[in-house]
Amino acid sequence: MESSSSPKVEPDADDDVSEEVFEHFDDFTIASSWERFISKIEAICRLWMADGPNNLLEKGAIPLENSKNSYKIKSELQYDVKSYCMEYYFETKTGKSFDWNSTFHDLQLCFGVKEFLLIAPQSASGVVLDAPEASKLLSAVAIALSNSSSLWPAFVPVHDPSRKAYIGIQNTGTAFTRRFEADRIGSQVPPSLMHLEGLYQLFVSKFAYCTDDLDKHLIKVQFAMKLTYRTLPYDDDNIKDIDVQNTKSGKNLAGESSNERLWDDDCSWSEWYSSEDPVKGFELIAIWSEKTIESSMEMEEVENASPHEAEKWFISPSFAPYLLEYSNGNQFGFASALHLLVDAFEMSFEAQFLEDFVSAESPGPDNLKSSMVIPPPTVRDRVLKELFDEGVQLIDSAYDEHKTPQAIKGAPLETLFAQFCLHSLWVGNCHIRAIAALWIEFVQEVRWCWEESQLLPRMPVNGSIDLSTCLINQKLHMLAVCIKKKREWNEDHRECMGSEDQIDYMTEEESAVGDDTSSMQAQNEDFSGKFTGEPRSFPTSRDLHYSDTAFTVSQDPVKDDLLNGEKSSDQTRRGSAGVIDSMMLLKSYQRMHAPYTQEAPLMTEDMYEERLQALEASNGSFNYFAQLERDILTSDMAAFKAANPDAIFEDFIRWHSPADWLEDPEVEKSKDNWPPRGHLSKRMSESDNLWRELWDRAHALAASEQKPLFDPNREGEKVIHYLETLRPHQLLAQMVCTAFLAAADTVNKTSYGELKQMETKMQQLYLTMAPALKPLEANRLSADSETIEDLKRQCVVFGHVENLLTVAASLHRKLVQAPRLAVEIFIDFYNFYIPRMGTGLEEDYSNKKEFDKKQIVWNNEREVVSSMFVPPTANQSWRKVFSMGNLLNGHEPMVREIIFSLHDGVSNNHYAAPNASVSEQEIDTYRMYICGTSNDLRVSLSVVSCD
């Protein structure tokens, strides 16, 4: 008995715990599948609400494409045999309640919500086609949100996907519930709904008892509108029509010249190819912010208003599809042609001679494709005619302006070889057979110029050879100089027959002979191979140069000697360029004269390398290195003796190599202390010094009396031999370097305004080309797969830069009167495009985005933007009868978006949630979003009702 009554004696603690446990116990064994489905939705919503936006980001929330601060997270649910996906859209930073340009989802704009749930079945369409199923699904979500005290709106898609129809519900935290509904008419829009007045009446009819109330009662409706206009596509046909329409003169501009006008006619690349206009058009967005409408008459006035009356204008470009797709850069410009040239370079290692790729008897490698057809003679003749146009000569100043960057061994843009490379890019699809055939005929034309003493076009005929250029350009420069000298000597020979016999009495030992060992430029150096000063050049009949010491040269040596009371020896002096005021001869006490000397012979890079290799082979031998320079030095000594008959060896050293004349420091300098107290340096004082030996053997001969150091006939023949025996891979290696450089220089001449990002990108292009092209400069080349792949990657980079440049040029031309807009739009595109630029051959397609940036148009820029909307012409496919108002230069809006709303206040209601801030402010009791044109209409309605 006691044991049985014990539970009754102590019921308090245990019974309370058991009741508390029982109250929170969910008996799923008796719950239906519908209740379990609601419970799953509620659990997920509670979890998302508890985490908050920041924690959801850590749990895998997916960022949305069109907004930086917008994300979504999803969860999969199962109900009976169907699977559903529930997505929660949210923002990490909340801004204004509504903004035309800050929506990240279509439902935001339709219903004016910021965060929401979207639940749909996991099917191909993702749409619930059965109306009862849609209502049941929405009810389940509404119950779950109510149980979790959530104010999130929830939506379910219904009907066919093309209708973009939704139904939705939201608990406002008060006694009211907001319901949503959206649908679309795809065709046969009623005429009344094409005008603002009819749309206004449609909205008012949702809360007015009858249309008569509109006239009797004053209803204040909030109205906002967004109109989107599109320019005519920038294609060739529209450009021609615009040109004809904008022409005020009576001339017929629809002829051939007008029809051939393209958008990039004035761009630097238009000589080689025509690029597709990357900017296909512009979208102009005119926004009327919220205003109060009290009658349908006001709507008529708004419909007749000009877009210039809109409060804000925004502009957005429409780019060509190839810019928005992931690709390997420009597919039709220099980049694609350079890629073909790299393929030809890779194939060039398969034959020893260029003739092997052309000759029918020796067809060359077996893997030459049948598509590699040699261009017909007419094509090759046209190219050679353009290259060897006698009217095109390159002046020295133009050559200096286009010097190549030191890191890239190509040829200046306007030179003959650079132009040959650019022409080769577009001949015969730039394959190896076409290049070989064109090069063989090119060399034949060069030989004809040489044999007929015709000046080589597009090449300088003066100046020193630029060793920073490719070897072929150096050789052609050498040949151009040889042809000029050959022409000059031929003219002199015709004018004065036998003039060259004046120096026949000279022996080979006495003359300064220019042969293979006499063409290195003289330097202030000892013959042990160590330099003692900066490189020096010698005074010539055209230009006087002195090294180490600055001298003042008098132009009247006879008068200068007489004024100083000196005995002149001008009766034997020859080849004097003038006296040096600060120097006198040691023995005769006469003014020292600077002689005219011969120009140092020109040398190309391979000639210098031969000399250095010979020097290395001689182990730095004193006599061998001196032999290389003896001809130039002997020529200078002979010229100095002719200009200063009384000079001694020490005088020559004081003029030619001042560093080897050492003045005695203990002797004070004075005008009367003559001769100056000094002595030769140690190396010049040695008994077997070669300089002194050459001085003793040199005869006094002016530069004009000496045998030339440079033999143009011999050097010219060497150049021709080099060009005719060039190996295929050596030719293609230099062509690749030059073509890359010439193509970059060509596109870099394009005018694109003040776009610093584009300038920086062009500079980076040169910097990236240099290491990629560096391996091609080596004398020993091979078909290295890594080198080829680097070059192909460089083609991809070049294509991307080419794309950016065409966009910059197109924007600059279209917005030249509004440079700020051009800059801002390009910056937006640059930031959009740069992450898509890849240097590899395979691109990452995982993060695709669409360009949707817009720029605000300032008031002073509206006229410029408006002028781009040229009135459509009769032959364009535009509607002649317009259905909508707000025309801009004859263009009706492509899309019209309107928001009607009716505000009402919700006071403190006993049904309101205690923490709901919405109870203290006005809410939109009715809201309608309308989007469409005369052929399409979409309506979204939200209504607050009391349930």
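Residues numbered from 1 in each chain as written. Predicted model: local features only at pLDDT ≥ 70, side-chain atom pairs only at ≥ 80, totals over all residues. Heavy atoms only, no water.

Side note on the overall build of the chain
Quick reminder of the rule: Secondary structure elements follow DSSP: runs of H or I of four or more residues count as helices, runs of E of two or more count as strands, with numbering from the N terminus. Exposed residues in this analysis have more than 50% of their type's maximum accessible area, buried residues have under 20%, and partly exposed residues fall in between, with area computed by a 1.4 Å probe over protein chains only. Between two residues, a contact is recorded if the distance between any of their heavy atoms is within 4.5 Å. Accessible surface is estimated by sampling points in the Shrake-Rupley manner with a 1.4 Å probe; for residues, cover comes only from the protein chains shown.
Looking only at helices and strands, one finds 30 helices and 21 strands in the chain. Counting over 947 residues, the chain shows a buried share of 49%. Relative to all contacts within the chain whose residues are 6 or more apart in sequence, the contacts with residues 24 or more apart total 73%. Of the roughly 47100 Å² that the chain leaves accessible, carbon and sulfur atoms contribute 49%.

A word on the pairing of strand β4 (residues 116–121)
Stated formally: By the convention used here, strands pair only if DSSP detects at least 2 bridges between them.
When you tally the buried positions in β4, you get 6 out of 6 residues, the bulk of the element. Both faces of β4 are covered, namely the face carrying Phe116, Leu118 and Ala120 and the face carrying Leu117, Ile119 and Pro121. In this sheet, β4 lies alongside strand β3 (residues 82–91) in antiparallel orientation, the contact comprising 6 bridges. Residue pairing in the sheet places Tyr84 in a bridge with Pro121 of β4. Bridging between β4 and strand β5 (residues 154–158) involves 2 bridges; their strand directions are parallel. Across the sheet, residue Leu118 finds its bridge partner in β5, namely Phe155.

Notes on the nonpolar core
Rules: Among buried residues, those of type Ala, Val, Leu, Ile, Met, Phe, Trp, Tyr and Cys that are joined through side-chain atoms within 4.5 Å constitute a nonpolar core.
Core analysis: the biggest nonpolar cluster contains 162 residues, and Phe417, Trp439, Phe442, Leu456 and Phe798 have the highest contact counts within it. In terms of residue count, helix α26 (residues 728–748) provides more of this core than any other element does, 13 residues in total. When neighbours within four sequence positions are excluded, Phe798 is seen to be in contact with Phe334, Ala335, Leu338, Phe740, Ala743, Ala744, Val747, Leu765 and Met769. Ile38, Leu56, Tyr71 and Trp152 belong to the second largest nonpolar core, which has 32 residues in total.

Some points on the side chain of His423
Which entries qualify depends on this criterion: Think of a polar contact as two N or O atoms within 3.5 Å of one another; within protein, one of them needs to be a possible hydrogen donor and the other a possible acceptor, and neighboring residues in sequence only count if both atoms come from side chains.
On the secondary structure map, His423 appears in helix α16 (residues 416–424). Looking at His423, the relative accessible area reads 8%, which means it is buried. At 2.8 Å, the side chain of His423 forms a polar contact with the side chain of Glu386. His423 has contacts with Trp272, Val383, Glu386 and Leu387, leaving out every residue within four places of it along the chain.

A look at helix α10 (residues 296–303)
Rules: It is the directions from the helix axis to the C-beta atoms whose arc is reported.
Residues of α10 that are buried: Ser296, Met299, Val302 and Glu303. Taken down its axis, α10 places every buried residue within 105° of arc, on the same side. With respect to the buried face of α10, the exposed residues turned more than 90 degrees away are Met297 and Glu301.

Description of the state of the cysteines
For the record, the criterion: Disulfide assignment relies on a single distance test, namely cysteine sulfur atoms paired within 2.5 Å.
One pass over the structure, following the stated rule, counts 0 disulfides. Cys470 provides the cysteine sulfur closest to Cys737, a residue in no disulfide bond, and the two sulfurs are 8.0 Å apart. On the basis of relative accessible area, Cys737 is assigned to the buried category, the value being 3%.

Quick notes on the packing of helix α14 (residues 377–387) against α16
Note the following rule: Throughout, an axis means a line fitted to C-alpha atoms (over the contacting stretch in the case of helices), and angles, computed between N-to-C directions, take values from 0 to 180 degrees. An angle below 35 degrees is read as roughly parallel, one above 145 as roughly antiparallel, one from 65 to 115 as roughly perpendicular, and any other as oblique. Here a crossing is called left-handed whenever its near helix is offset anticlockwise from the far helix by less than a right angle, and right-handed whenever the offset is clockwise. Gly counts as polar in this scheme, as do all residues outside two lists: the nonpolar Ala, Val, Leu, Ile, Met, Phe, Trp, Tyr, Cys and Pro, and the charged Asp, Glu, Lys and Arg.
The N-to-C vectors of α14 and α16 enclose an angle of 150°; their axes lie 10 Å apart at closest approach. Of the possible angle classes, the one that applies to α14 and α16 is roughly antiparallel. The way α14 lies across α16 gives a crossing that is right-handed. Contacts between α14 and α16 involve Val383, Glu386 and Leu387 from the former and Leu416, Gln419, Phe420 and His423 from the latter. Of the residues assigned to the contact of α14 with α16, the class counts are 4 nonpolar, 2 polar and 1 charged.

Looking at the pattern of salt bridges
The condition is simple: A pair is scored as a salt bridge if a Lys or Arg side-chain nitrogen falls within 4 Å of a carboxyl oxygen belonging to Asp or Glu.
The tally for this structure, following the rule as stated, stands at 31 salt bridges. Where Glu346 meets Lys792, a salt bridge forms, and the shortest distance between an N and an O atom there is 3.9 Å. Here Glu346 is found in helix α12 (residues 334–347), whereas its partner Lys792 is found in helix α28 (residues 785–814), with 446 residues between them in sequence. Among the residues examined, Lys792 registers a relative accessible area of 14% and is labelled buried. Put simply, Glu488 and Lys484 hold a salt bridge, and the shortest N to O gap is 3.9 Å. Taken together, the residues span about one helical turn, with Glu488 and Lys484 both in helix α18 (residues 471–495) at a distance of 4 residues. Among the ionic contacts, a cluster of salt bridges with common partners joins Asp343, Glu346 and Lys792.

Quick word on the environment of Ser468
Within the secondary structure, Ser468 sits in the loop between α17 (432–451) and α18. Given the relative accessible area of 8%, Ser468 is considered buried. Looking at Ser468, its side chain comes within polar contact range of the side chain of Asp466, at 2.6 Å.

A few points about the packing of aromatic side chains
Condition: Only centres within 6.5 Å qualify two rings of Phe, Tyr or Trp (six-membered ring in Trp) as a pair; their planes then separate them into stacked at under 30 degrees, edge-to-face at over 60, and tilted for everything else. Criterion for a charge above a ring: Lys NZ or Arg CZ within 6 Å of the ring centre, and within 35 degrees of the ring normal.
Using the criterion set out here, one finds 45 aromatic pairs in the structure. Both rings, one in Trp48 and one in Tyr88, keep their centres 5.9 Å apart while their planes meet at 20°; by these two values the pair is stacked. On the criterion of sequence distance, the pair formed by Trp48 in helix α3 (residues 33–58) and Tyr88 in strand β3 is long-range, its members being 40 residues apart. No difference in accessibility class separates Trp48 from Tyr88, as the two residues are buried. Among the aromatic side chains, those forming a connected cluster through ring pairs are Tyr200, Phe203, Phe207, Phe223, Phe900 and Tyr926. Seen from the ring of Tyr722, Lys475 lies directly overhead, with NZ or CZ sitting 5.3 Å from the centre. The ring of Trp450 has Lys486 lying over it, and the distance from NZ or CZ to the ring centre is 4.2 Å.

Details of the confidence of the model for the chain
Going by this rule: What pLDDT conveys is the predictor's confidence in a given residue, as a value from 0 to 100.
Per-chain confidence: the chain averages 79 in pLDDT, with 74% of residues scoring 70 or above. For the chain, strand β12 (residues 531–535) is the element with the lowest average pLDDT, namely 32, and α16 is the one with the highest, namely 97. Confidence over residues 241–259 falls short of pLDDT 50; this stretch has 17 contacts with residues more than four positions distant or in other chains. Confidence over residues 908–914 falls short of pLDDT 50; this stretch has 10 contacts with residues more than four positions distant or in other chains.

Things to note about a negative patch on the surface
Defined as follows: Patches here are clusters of residues that have more than 30% relative accessible area and form no salt bridge, with a 9 Å joining cutoff for like charges and a 5 Å cutoff for nonpolar side chains (Val, Leu, Ile, Met, Phe, Trp, Tyr). Charge counting treats Lys and Arg as positive and Asp and Glu as negative, with His and both chain ends excluded. To locate a charge, take NZ of a lysine, CZ of an arginine, CG of an aspartate or CD of a glutamate.
Together, Glu686, Asp688, Glu693 and Asp696 make up a negatively charged patch on the protein surface. Note on placement: Glu686 falls in the loop between α23 (682–685) and α24 (690–697).

A short note on the pairing of strand β6 (residues 165–171)
Buried residues dominate β6, accounting for 5 of its 7 residues. Note that β5 and β6 share 5 bridges and pair antiparallel. Of the residues in β6, the one forming a bridge with Val158 is Ala165. Hairpin geometry of β5 and β6 is characterised by an intervening segment of 6 residues between the two adjacent antiparallel strands and by a positive phi of about 65° at His159. Bridge analysis of β6 against strand β7 (residues 176–185) gives 6 bridges, and the strand direction is antiparallel. Paired with Gly168 across the strands is Phe180, a residue of β7. Where β6 hands over to β7, the hairpin turn is made up of 4 residues, of which Gly173 adopts a positive phi near 85°.

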